[in-house]
Amino acid sequence: MENPILSFFQLQHWLVYHPTILNFSWNPPHTPFSSLPFLSLSLFTYLSLTLFLSHLPFPPLPSPLLKPLTALHSLSLFLLSLLMSLSTLLSIFYHTPHFHHIICLPPNTKPNGPLFFWAYIFYLSKFLELIDTLLIILSRSIRRLSFLHVYHHATVLIMSYLWLQTSQSLFPIALVTNASVHVIMYGYYFLSALGVRPRWKRVVTDCQIVQFVFSFGVSVVMLYYHFSSGEGCSGIWGWCFNAVFNASLLALFVDFHLKSYAQRNKIKVATTVKKAD
């Protein structure tokens, strides 16, 4: 039987101390997909194709083909999100010089090493998530193609780019919480694509809202470090963009939550009254 302690150290090696991870450096434009023109072109292409394809009058993709594609896509992002969450936690506990650096990185921090490697993988994963939109369009469920969906997918690309470009403080915590929420979300999508309807759909939206509220709470601690340390924290302008983005998402998610479940409650009440009659 394999020694669990040995297995743990092997896990640390592959997820934190592997030379590719340990020696990673974000260096635009030499790092693949890191240039600003590439990001700008990607966003323009995503928004243009979404607008164009959503207005094309083609029939929905047959369910026997669409469901396996959705299941494969969801499973891939489920596993990737789990990997990013675990790897970032290991990098925090076993490679971060000082624990408070996960909240406030020193000024002029270079985007090097394991934490930034997993931030880079997170950034790349956001391109993979854009396939969500294509699957919605192919299913012709245009009602699901909301402003919230497109806005979130487009803007999170900018957010994750700024994490790396500005060496933004607080990104390790944001990465862990976001990836953890996506484990729940894509786990739900994967089971749904297999024909299983978990009863915890509402938990997905609730977790997203809790994530945003938590980010504001931790941001207060980061700002305290920023203004009291004398040196400040790295990437404060990137954090400002992140804070505005999270505030807008929180407002949109709360609105979506209230509308969705208020409508369901009305249907339940109407059904109950009808049965009573």
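Only a predicted model underlies this, so the values are computations on that prediction, with no experimental measurement involved.

Here is what the cut-offs are and how they apply
Think of each chain on its own: its residues are numbered from 1, step by step along the sequence as written. Totals for whole chains, interfaces and linings use all residues, but because this is a predicted model, local features are given only for residues with pLDDT of at least 70 and pairs of side-chain atoms are given and counted only at 80 or more. Excluding hydrogens and water, the side-chain figures rest on all heavy atoms present in the structure. Residues are said to line a cavity or pocket when one of their atoms sits within 4 Å of a point; the points come from a 1 Å grid over protein atoms alone, cavities being sets where a 1.4 Å probe fits but cannot get out and pockets being open sets with protein on both sides within 12 Å along at least five of seven lines. Grid points are joined across faces, edges and corners, and a volume is the space filled by probe spheres set on the points. Polar here means any residue other than Ala, Val, Leu, Ile, Met, Phe, Trp, Tyr, Cys and Pro, which are nonpolar, and Asp, Glu, Lys and Arg, which are charged; Gly is therefore polar. Each patch is built from salt-bridge-free residues with over 30% relative accessible area, joining like charges within 9 Å and nonpolar side chains (Val, Leu, Ile, Met, Phe, Trp, Tyr) within 5 Å. Computed by Shrake-Rupley with a 1.4 Å probe, the accessible areas treat only the displayed protein chains as cover when residues are assessed. We define a salt bridge as a side-chain nitrogen of Lys or Arg found within 4 Å of a carboxyl oxygen belonging to Asp or Glu. Charge assignment: positive for Lys and Arg, negative for Asp and Glu; neither His nor the chain ends contribute. A single reference atom marks each charge: NZ on Lys, CZ on Arg, CG on Asp, CD on Glu. To qualify as a helix, a DSSP run of H or I must reach at least 4 residues; to qualify as a strand, a run of E must reach at least 2; elements of each kind are numbered from the N terminus. A simple rule labels every residue: compare its accessible area, found with a 1.4 Å probe on the protein chains alone, to the largest value its type can have, and call it buried under 20%, exposed over 50%, or partly exposed in between. Disulfides are defined as pairs of cysteine sulfur atoms found within 2.5 Å of each other. Note on ring pairs: Phe, Tyr and Trp rings are taken, using the six-membered ring of Trp, and paired if centres are within 6.5 Å. Classes follow the plane angle, with under 30 degrees stacked, over 60 edge-to-face and the rest tilted. When the NZ atom of lysine or the CZ atom of arginine is within 6 Å of a ring's centre and also within 35 degrees of its normal, the charge is said to sit over that ring. Each nonpolar core is a collection of buried residues, namely Ala, Val, Leu, Ile, Met, Phe, Trp, Tyr and Cys, held together in the definition by side-chain atoms within 4.5 Å. Note on contacts: a residue pair is in contact if any heavy atoms of the two residues lie within 4.5 Å. UniProt positions are given in the numbering used here, feature names are shortened, and annotations may be inferred rather than shown by experiment. To obtain an axis, a line is fitted to C-alpha atoms, over the contacting stretch when the element is a helix, and the angle between two such axes runs from 0 to 180 degrees between their N-to-C directions. For classification purposes, an angle smaller than 35 degrees is called roughly parallel, one larger than 145 roughly antiparallel, one from 65 to 115 roughly perpendicular, and anything else oblique. Two helices that cross are described as forming a left-handed crossing if the nearer one is turned anticlockwise from the farther one by less than a right angle, and a right-handed crossing if clockwise. pLDDT measures the predictor's confidence residue by residue and takes values from 0 up to 100. Multiplying 1.5 Å by the helix residue count minus one yields the expected span of that helix.

**Student:** Requested: an account of empty space enclosed by the protein, with residues and values cited.
**Tutor:** Enumeration over the complete set of coordinates arrives at 1 cavity of 30 Å³ or more. When its volume is computed, the largest cavity comes out at roughly 270 Å³. Residue lining of the largest cavity: 27 residues in total, with A174, Q211, S215, N242 and N246 positioned closest to the centre. Grouping the constituent residues of the lining of the largest cavity by class yields 16 nonpolar, 11 polar and no charged.

**Student:** Tell me about a positive patch on the surface, residues and numbers included.
**Tutor:** Where like charges cluster on the molecular surface, the positive patch consists of K67, R143, R144, R197 and K201. Tracing the backbone through its elements, the reader meets K67 in helix 4 (residues 63-95). For K67, a relative accessible area of 42% puts it in the partly exposed group.

**Student:** If you had to explain the layout of surface pockets to someone new, which residues and values would you point to?
**Tutor:** Of the voids in this model, the largest pocket is the one considered here, and its volume is about 1,500 Å³. What lines the largest pocket is a set of 39 residues, among which I136, R144, Y189, K201 and F256 lie closest to the centre. Looking at the lining of the largest pocket, the elements that each hand over two or more residues are helix 4, helix 6 (131-139), helix 7 (147-165), helix 8 (171-193), helix 9 (201-228) and helix 10 (236-276). Ranked by the residues each element gives to the lining of the largest pocket, the list is headed by helix 10, at 8 residues. Partitioning the lining of the largest pocket into residue classes produces 15 nonpolar, 15 polar and 9 charged.

**Student:** Before we move on, can you summarise the state of the cysteines with the specific residues and values?
**Tutor:** On inspection of all chains with the given rule, the structure shows 1 disulfide. The side chain of C104 participates in a disulfide bridge whose partner is C233; the two sulfur atoms lie 2.0 Å from each other. Between C104 and C233 the disulfide shows an S-S torsion of about -105°. By sign, it is left-handed. Here C104, found in the loop between helix 4 and helix 5 (114-129), pairs with C233, found in the loop between helix 9 and helix 10; they are 129 residues apart in sequence, far enough to count as distant. When sorted by exposure, C104 lands in the same class as C233, which is buried. The closest cysteine sulfur to the non-disulfide-bonded C240 is located on C233, 12 Å from its own sulfur.

**Student:** Residue-level account of the packing of aromatic side chains, with values.
**Tutor:** Tallied over the entire structure, the rule returns 21 aromatic pairs. Here Y186 and Y189 contribute two aromatic rings whose centre-to-centre distance is 5.7 Å and whose plane-to-plane angle is 80°, an arrangement assigned as edge-to-face. Residue Y186 and its partner Y189 are located together in helix 8, separated by 3 residues, close to a single helical turn. Given a relative accessible area of 0%, Y186 falls into the buried group. Ring pairing ties together the aromatic residues F24, W26, F33, F38, F117, W118, Y120, Y123, F127 and Y161, which thus form one cluster. Across the ring face of F58, the terminal group of R140 is positioned such that the distance to the ring centre comes to 4.2 Å.

**Student:** Give a detailed account of the nonpolar core, specifying residues and quantitative values.
**Tutor:** Residues Y123, F171 and L175 are the most contacted members of the largest nonpolar core, which totals 56 residues. Among all residues touching L175, those that are not within four sequence positions of it are M84, T88, W118, A119, F122 and W163. Judged by nonpolar contacts, the second largest core, of 5 residues, contains M185, Y186, Y188 and V204.

**Student:** Explain the UniProt feature "transmembrane region" (unreviewed entry) in the chain residue by residue, including any values.
**Tutor:** UniProt's feature table lists "transmembrane region" (unreviewed entry) at residues 36-54, 75-95, 115-138, 145-164, 170-191, 203-224 and 236-258, given in the numbering used throughout. Counting secondary structure, residues 36-54 comes out at 100% helix and 0% strand; the distance between its end C-alpha atoms is 27 Å. Segment residues 145-164 splits into 90% helix and 0% strand. End C-alpha atoms: 29 Å apart.

**Student:** I'd like a rundown of the packing of helix 4 against helix 6, residues and numbers included.
**Tutor:** Running from amino to carboxyl end, helix 4 crosses helix 6 at an angle of 165°, the nearest separation of the two axes being 11 Å. Regarding the angle of helix 4 to helix 6, the classification is roughly antiparallel. Our pair here, helix 4 against helix 6, has a crossing hand that is left-handed. Of helix 6, the residues touching helix 4 (which contributes L66, L69, T70, H73 and L77) are I131, D132, L135, L138 and S139. For the contact of helix 4 with helix 6, a count of residues per class yields 6 nonpolar, 3 polar and 1 charged.

**Student:** I'd love a proper account of the confidence of the model for the chain, names of residues and values included.
**Tutor:** On average, residues of the chain carry a pLDDT of 89, and 91% of them reach 70 or more. Of all secondary-structure elements in the chain, the lowest mean pLDDT belongs to helix 10, at 70, while helix 5 reaches the highest, 98. Under a pLDDT of 50 for its full length, residues 267-277 has, in the predicted model, 0 contacts with residues more than four places off or in other chains.

**Student:** Which residues make up helix 5, and what values go with them?
**Tutor:** Taking 1.5 Å per residue as the helical rise, helix 5 with its 16 residues ought to reach 22 Å, and the 22 Å between its terminal C-alpha atoms agrees with that figure. With 14 of 16 residues buried, helix 5 is to be regarded as a mostly interior element.

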